[in-house]
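Examining the three-dimensional arrangement
Listed here are the chains, written in short residue letters.
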2 protein chains.
Amino acid sequence: MLILTDFIVPDLKIAPRDGGYARGQDGFEQILRAALTLLVEHGSGALTLRRIATESGMNVGNLNYYFRSKDELIRELLNAVISSYEDSFDAIMHEPGATAAERLEKLVTLILEDITTKKTTRFFPELWVLSNHDPFVQDRMEELYDRARVSLNELIAEINPALPADERETLALFISASMEGLTVFAGYEKPWRSRMPWFEQIAKRSFVTLARELKPGEIKGLSPDAA
Amino acid sequence: MLILTDFIVPDLKIAPRDGGYARGQDGFEQILRAALTLLVEHGSGALTLRRIATESGMNVGNLNYYFRSKDELIRELLNAVISSYEDSFDAIMHEPGATAAERLEKLVTLILEDITTKKTTRFFPELWVLSNHDPFVQDRMEELYDRARVSLNELIAEINPALPADERETLALFISASMEGLTVFAGYEKPWRSRMPWFEQIAKRSFVTLARELKPGEIKGLSPDAA
DNA sequence: TCCAAAATTAGTCAATTGCCAAAATTTGAT
DNA sequence: ATCAAATTTTGGCAATTGACTAATTTTGGA
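Residues numbered from 1 in each chain as written. Chains lettered and ligands numbered in written order. Predicted model: local features only at pLDDT ≥ 70, side-chain atom pairs only at ≥ 80, totals over all residues. Heavy atoms only, no water.

In the annotation of an unreviewed UniProt entry, chain A is listed under the name TetR/AcrR family transcriptional regulator and assigned to Sphingomonas colocasiae.

Turning to the overall build of chain A, a few remarks are in order. On a plain count of helices and strands, chain A comes out with 9 helices and 0 strands. For chain A, the α and β elements follow one another from N to C terminus as α-α-α-α-α-α-α-α-α. Across its three principal axes, chain A shows a C-alpha extent of roughly 60 × 40 × 40 Å. Within chain A, the fraction of its 227 residues that count as buried is 51%. Taking the intrachain contacts of chain A between residues at least 6 apart in sequence as the baseline, contacts between residues at least 24 apart amount to 66%. Looking at chain A as shown, the accessible area adds up to about 10900 Å², and 52% of this sits on carbon and sulfur atoms. Averaging the locations of the 26 positively and 35 negatively charged side chains of chain A gives two centres separated by 4 Å. (Helix = DSSP H or I, 4+ residues; strand = E, 2+ residues; numbered from the N terminus. Buried < 20%, exposed > 50% of the residue type's maximum accessible area, 1.4 Å probe, protein only. Contact = heavy atoms within 4.5 Å. Areas by Shrake-Rupley, 256 points an atom, 1.4 Å probe, with all protein chains shown as cover. Lys, Arg positive; Asp, Glu negative; His and termini not counted. Charge placed at Lys NZ, Arg CZ, Asp CG, Glu CD.)

Taken together, 22 residues surround DNA strand C, and among them A:Y65, A:Y66, B:Y21, B:R23 and B:K70 come closest. For DNA strand C, the fraction of atoms within 4 Å of the protein that belong to sugar or phosphate moieties is 63%. Between B:Y21 and DNA strand C, the recorded distance is 2.7 Å, taken from a side-chain N or O atom to a base oxygen. At a separation of 3.0 Å, a phosphate oxygen of DNA strand C approaches a polar backbone atom of B:L49. Secondary-structure elements contributing two or more residues to the surface near DNA strand C are α1 (22-42) and α3 (60-66) of chain A together with α1 (22-42), α2 (49-55) and α3 (60-66) of chain B. By residue class, the composition of the surface near DNA strand C is 7 nonpolar, 9 polar and 6 charged. (Near = heavy atom within 4 Å. Polar contact = N/O pair within 3.5 Å; in protein donor to acceptor, adjacent residues only side chain to side chain. Nonpolar A, V, L, I, M, F, W, Y, C, P; charged D, E, K, R; others polar.)

Below, the discussion takes up the packing of helix α7 (residues 135-159) of chain A against helix α8 (residues 165-186) of chain A. All names here are of chain A. Two elements in contact, α7 and α8, have axes separated by 9 Å at closest approach and are oriented at 120°. Between α7 and α8, the angle falls in the class oblique. The crossing of α7 and α8 is right-handed. Contacts from Y145, R149, L152, N153, I156 and A157 of α7 reach α8 at R168, E169, L171, A172, L173, I175, S176 and E180. Of the residues contributing to the contact of α7 with α8, the split by class is 8 nonpolar, 2 polar and 4 charged. (Axes fitted to C-alpha atoms, helices over the stretch in contact; angles between N-to-C directions. Parallel < 35°, antiparallel > 145°, perpendicular 65-115°, else oblique. Left-handed = near helix turned anticlockwise from the far one by under 90°.)

Turning to the pattern of salt bridges, a few remarks are in order. On inspection of all chains with the given rule, the structure shows 30 salt bridges over all chains. Its salt-bridge partner being B:K13, residue B:D87 comes within 3.2 Å of it at the nearest N-O pair. One end of the pair, B:D87, is in helix α4 (residues 70-93); the other, B:K13, is in the segment before α1, and 74 residues separate them in sequence. Two residues, B:D71 and B:R75, come together in a salt bridge whose shortest N-O distance is 3.7 Å. With B:D71 and B:R75 both in helix α4, this residue pair falls 4 residues apart, about one helical turn. When its relative accessible area of 34% is taken as the criterion, B:R75 is described as partly exposed. Taken together, the salt bridges that share partners define one network made up of A:E86, A:R140, A:E143 and A:R147. (Salt bridge = Lys/Arg side-chain N within 4 Å of Asp/Glu carboxyl O.)

Taken residue by residue, the interface counts 57 residues in chain A and 57 residues in chain B. Where chain A meets chain B, there are 4 salt bridges. Between A:R205 and B:E218 there is a salt bridge, with its nearest N and O atoms 2.2 Å apart. In this assembly, chain A and chain B are joined by 19 residue pairs in polar contact (both at pLDDT 80 or more). For the side of chain A that touches chain B, the element with the most residues is α8(A), which contributes 15 residues. Looking at the side of chain A that touches chain B residue by residue, the class counts come to 27 nonpolar, 13 polar and 17 charged.

This brings us to the relation of the copies chain A and chain B. In the superposition of chain A on chain B (RMSD 0.1 Å, axial shift 0.0 Å), the rotation amounts to 180°. Such values leave the two copies arranged in the relation of a two-fold axis. Take the interface residues of chain A: 100% of them recur as interface residues in chain B, which is what a same-surface contact looks like. (Least-squares fit on C-alpha atoms with pLDDT ≥ 70 in both.)

Our focus in this paragraph is the nonpolar core. Of all hydrophobic cores here, the largest spans 144 residues; its most connected members are A:L32, A:F123, B:L32, B:I52 and B:F123. Excluding residues that lie within four positions of it along the chain, B:L32 makes contacts with B:L12, B:I14, B:F67, B:L73, B:E76, B:L77 and B:A80. (Core = buried A, V, L, I, M, F, W, Y, C linked by side-chain atoms within 4.5 Å.)

The subject of this paragraph is unusual backbone geometry. All names here are of chain A. The backbone of E189 sits at a positive phi, close to 65°, despite the residue not being glycine. Summarising the element assignment, E189 is placed in the loop between α8 and α9 (196-213). On the basis of relative accessible area, E189 is assigned to the exposed category, the value being 55%.

Okay, the UniProt feature "DNA-binding region" (unreviewed entry) in chain A next. According to UniProt, the positions carrying the feature "DNA-binding region" (unreviewed entry) are residues 48-67 of chain A. In residues 48-67 of chain A, the share of helix is 70% and the share of strand is 0%. The end C-alpha atoms are 13 Å apart. (UniProt positions renumbered as here; feature names shortened; annotations may be inferred.)

The geometry of an aromatic ring pair is captured by the separation of the ring centres together with the interplanar angle, meaning the angle of the planes. Per the counting criterion, the structure on display carries 19 aromatic pairs over all chains. Put simply, the rings of A:Y85, A:F123, A:F124, A:Y145 and B:F185 touch in pairs and so form one group of aromatic residues. Over the ring of A:F136 we find A:R75, and its NZ or CZ is 4.5 Å from the ring centre. One residue, A:K119, lies across the ring of A:Y85, its end atom 4.5 Å from the ring centre. (Phe/Tyr/Trp six-rings, centres within 6.5 Å; stacked < 30°, edge-to-face > 60°. Lys NZ or Arg CZ within 6 Å of the ring centre and 35° of its normal.)

Relative to the helices and strands, A:S206 is located in helix α9. In contact with A:S206, not counting residues within four places along its chain, are B:S206 and B:L210.

Looking at DNA strand D, there are 22 residues lining it, with A:R23, A:K70, B:N59, B:Y65 and B:Y66 nearest. The protein-proximal atoms of DNA strand D, defined as those within 4 Å of the protein, are 63% sugar or phosphate. The contact in question runs from a phosphate oxygen of DNA strand D to an N or O atom on the side chain of A:K70, over 2.7 Å. Here B:Y66 contributes a side-chain N or O atom positioned 2.5 Å from a phosphate oxygen of DNA strand D. Mapped onto the surface near DNA strand D, the elements with two or more residues apiece are α1, α2 (49-55) and α3 of chain A together with α1 and α3 of chain B. Here the residues of the surface near DNA strand D sort into 7 nonpolar, 9 polar and 6 charged.

This is the structure:
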């Protein structure tokens, strides 16, 4: 059985530009879309102005008309992709469901299935690497994950109202990190991709249990250097 | 308070070379060490032959004597670093502890503390990115994680002997992925680095519970496309 | 239709890249 | 001490990179 959504050109969220012709907006978007395709298909090493120009059917010099430098182009690209994820998260956040636990399970399903797409599997590790040496990327990435955790936080609060805010936030972080980690093992074309349904079951069971049964103070119970 | 272990040059495991002088073995190691330092400190973009030559106090042309191509140099580098981790995992595997659950907790502590080192936080995301477009890296990485999971598997089997092998392996994968995911959030110089002790508590509690309480067939219970 | 702004093209520049060949030097067994 | 093998240096090459300028074409409001 083939999955049909694989070759969809990934989405970008591009802010409308100030004063300009319609063609300009198109060109702007074409360039970023070409850059994203190259990044996803061939990695950051393929992100040269000439390859982006070729991929977008444009002249090299024209890229310099839209973007003062390659650095600015890449920043705009990351910004556009990250914004598209923020939109997705906002949409996911309002998914209906009966109980809070059921909505948490639904959220886990949506996130883990997004992880198996080519776009997500390829883009996020690139983001993680860039964030190691670029403060701008680090800030923007932190902002993205903060927003992605909002719904997680709300659900945990609903499931376990007694849990203090800082412990709740820590649990949300742990859950988020757990799921992100699956990218490398069960993402697109990864060796354990086919086991993602099982991972989903374990994740749901584990996360709901944690949210339900964590007692206030339990996490901080032991000082980290206690033998 | 300053942490003093940050600037330690990361370890490499380099196989002794066939026929050659002692100086040759030194040069070989110097080059790979310089390359790793550059990768960790400045990212893969800094991995040019000239920068590696400067960093290792060598001439550019000499790199071509040791390595037929830049590609071969990088492969040898990844191989050497991965081998060093495999050694570490083998050492960790034989850590003593009373019960299996206690040994599992100890293993979690060791892995999560390794994640906060500069070497690990910086190197692994680079590896993940490279694996997306390089089958050699993908194979080698899979081999590394396979070996890292051996002890995890044994401990789960001891804690819950009734769990079938494939479900046990899936749980080990989930646990491993969970911890790897923390790299991006609580690794070296990451925003939630200071909460790593809390993450450790949650992880121990969660993983031990899963290992103890998962029932055979529970993971595969629902077919993935059941609404 | 006209025309200024917007968008695109063509061509060039210095810098950097990986790679290579030939000469010079160092090593260590004999 | 000798000498072949191993290592290092020197100098350069062709290709690619990001950036820039000037000329050309397209756009869409007046």
